[in-house]
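What follows is each chain in one-letter form.
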Amino acid sequence: MNLNSHLKDFFFENEYDRLAEDISIIRKDGIPVFSNRGKASVTIGALISGLWQASESLSTQVTNKESFNEYRLAFDSSDQGVYVLPLVIFGETYFLSAIYNKELNPGKLKNQMRLIKSNIEIYMSSFKRTKAENREGYLFEDITDEEIDRMFQVSGI
């Protein structure tokens, strides 16, 4: 099983996917790994990742800490907003985010998100990271320039 499948199982088995409109796990480069909406928005992933990285840079004006894993980021009003937590899976940083609207108890949602963060880190530590197979040699051998031109040639109408 890959990371996406493990996370999907974790959220749907525990019904955590129902806590907010959009709960996502996003890689540090902004690529969504999981979303309860089904198809994760790449735009939201990029915005959340950029928001976190900008906040990290800004916070270096206040603190000399190099690790921001105990921090959280909230941009909200009394019933709607965005909540982001960093989490570490297989030694890499990801972001657990919730986008919520018309939430009756946002404090409870934030507390549940912190519990989810801890539970995901514990749950994922029971799995081994599957490493991509190393490829050796060339993908193509003895290919000519003409063959490459034909592969990338735009077919005309």
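Residues numbered from 1 in each chain as written. Predicted model: local features only at pLDDT ≥ 70, side-chain atom pairs only at ≥ 80, totals over all residues. Heavy atoms only, no water.

### A closer look at a nonpolar patch on the surface
Next, step 1: A cluster of nonpolar side chains, contributed by Ile143, Ile148, Met151 and Phe152, occupies part of the molecular surface with about 380 Å² of accessible area.
Next, step 2: Structurally, Ile148 can be placed in helix H4 (residues 145-151). (Patch = residues over 30% accessible without salt bridge, like charges linked within 9 Å, V, L, I, M, F, W, Y side chains within 5 Å. Areas by Shrake-Rupley, 256 points an atom, 1.4 Å probe, with all protein chains shown as cover. Salt bridge = Lys/Arg side-chain N within 4 Å of Asp/Glu carboxyl O. Helix = DSSP H or I, 4+ residues; strand = E, 2+ residues; numbered from the N terminus.)

### A word on the pairing of strand E4 (residues 81-89)
Next, step 1: Within E4, seven of the nine residues are buried, which leaves the element mostly enclosed by the surrounding structure.
Next, step 2: As judged from the four bridges shared by strand E3 (residues 73-76) and E4, these two strands associate in the antiparallel manner. Bridge pairing in E4 places Phe75 opposite Val82.
Next, step 3: Hairpin connection, E3 to E4: the antiparallel pair is bridged by four residues.
Next, step 4: Sheet topology places E4 next to strand E5 (residues 92-100); nine bridges connect them, and they run antiparallel. The residue of E5 that forms the bridge with Leu85 is Leu96.
Next, step 5: The hairpin formed by E4 and E5 contains two residues between the paired strands, and Phe90 there has a positive phi angle of roughly 55°. (Buried < 20%, exposed > 50% of the residue type's maximum accessible area, 1.4 Å probe, protein only. Pairing = 2+ DSSP bridges.)

### Quick look at the nonpolar core
Next, step 1: In this structure, Leu7, Phe11, Ile25, Ile89, Leu96, Met113 and Ile120 are the most contacted members of the largest nonpolar core, which totals 21 residues.
Next, step 2: Secondary-structure elements contributing two or more residues to this core are helix H1 (3-13), strand E1 (22-27), strand E2 (32-35), E4, E5 and helix H3 (106-125).
Next, step 3: When residues in this core are grouped by element, the largest group, five residues, is from H3.
Next, step 4: Not counting residues within four places of it along the chain, the set of residues in contact with Leu96 comprises Phe11, Ile23, Ser24, Ile25, Tyr83, Val84, Leu85, Leu87, Met113, Ile116 and Lys117.
Next, step 5: Counting residues in each nonpolar core, the second largest holds eight residues, with Ile44, Ile48, Phe68 and Phe95 among its members. (Core = buried A, V, L, I, M, F, W, Y, C linked by side-chain atoms within 4.5 Å. Contact = heavy atoms within 4.5 Å.)

### Brief notes about the pairing of E5
Two faces, one strand: in a regular strand the side chains alternate between the faces of the sheet.
Next, step 1: The pairing of E1 with E5 spans six bridges and is antiparallel. What sits directly across from Ile26, in E5, is Phe95.

### What about the packing of H1 against H3?
Angle between the axes and distance between the axes are the two parameters that describe a pair of packed helices.
Next, step 1: The geometry of H1 relative to H3 is characterised by a closest axis approach of 11 Å and an angle of 130° between their N-to-C directions. The angle between the axes of H1 and H3 places the two elements in the oblique class. Every pair of crossing elements has a handedness; the one defined by H1 and H3 is right-handed. Contacts from Leu3, His6, Leu7, Asp9, Phe10 and Phe11 of H1 reach H3 at Ile116, Asn119, Ile120, Tyr123 and Met124.
Next, step 2: Residue classes in the contact of H1 with H3 are distributed as eight nonpolar, two polar and one charged. (Axes fitted to C-alpha atoms, helices over the stretch in contact; angles between N-to-C directions. Parallel < 35°, antiparallel > 145°, perpendicular 65-115°, else oblique. Left-handed = near helix turned anticlockwise from the far one by under 90°. Nonpolar A, V, L, I, M, F, W, Y, C, P; charged D, E, K, R; others polar.)

### Considerations on the pattern of salt bridges
A side chain of one charge can pair with a side chain of the opposite charge when the charged atoms of the two come close.
Next, step 1: Counted according to the given criterion, the structure contains two salt bridges.
Next, step 2: With a shortest N-O distance of 2.6 Å, Arg27 and Asp29 are connected by a salt bridge.
Next, step 3: On the accessibility criterion, Arg27 (34% relative accessible area) is partly exposed.
Next, step 4: Asp76 serves as the salt-bridge partner of Lys110, at 2.4 Å between the closest nitrogen and oxygen. Placement of Lys110 in helix H3 and of Asp76 in strand E3 is noted, with a sequence separation of 34 residues between them.

### A closer look at helix H2 (residues 42-59)
Next, step 1: Taking 1.5 Å of rise per residue, the 18 residues of H2 would be expected to cover 26 Å, and the 26 Å separating its terminal C-alpha atoms lies within 8% of that figure.
Next, step 2: If you check which residues of H2 are buried, you get Ile44, Gly45, Ile48, Ser49, Trp52 and Ser59. Viewed end-on, H2 has its buried residues packed into an arc of 130°, placing them on one side of the element. Opposite the buried face of H2, by more than 90 degrees, sit the exposed residues Val42, Thr43, Leu47 and Leu58.
Next, step 3: Buried residues along H2 sit against E1, E3, E4 and E5. (Expected span 1.5 Å × (residues − 1). Arc of directions from axis to C-beta.)

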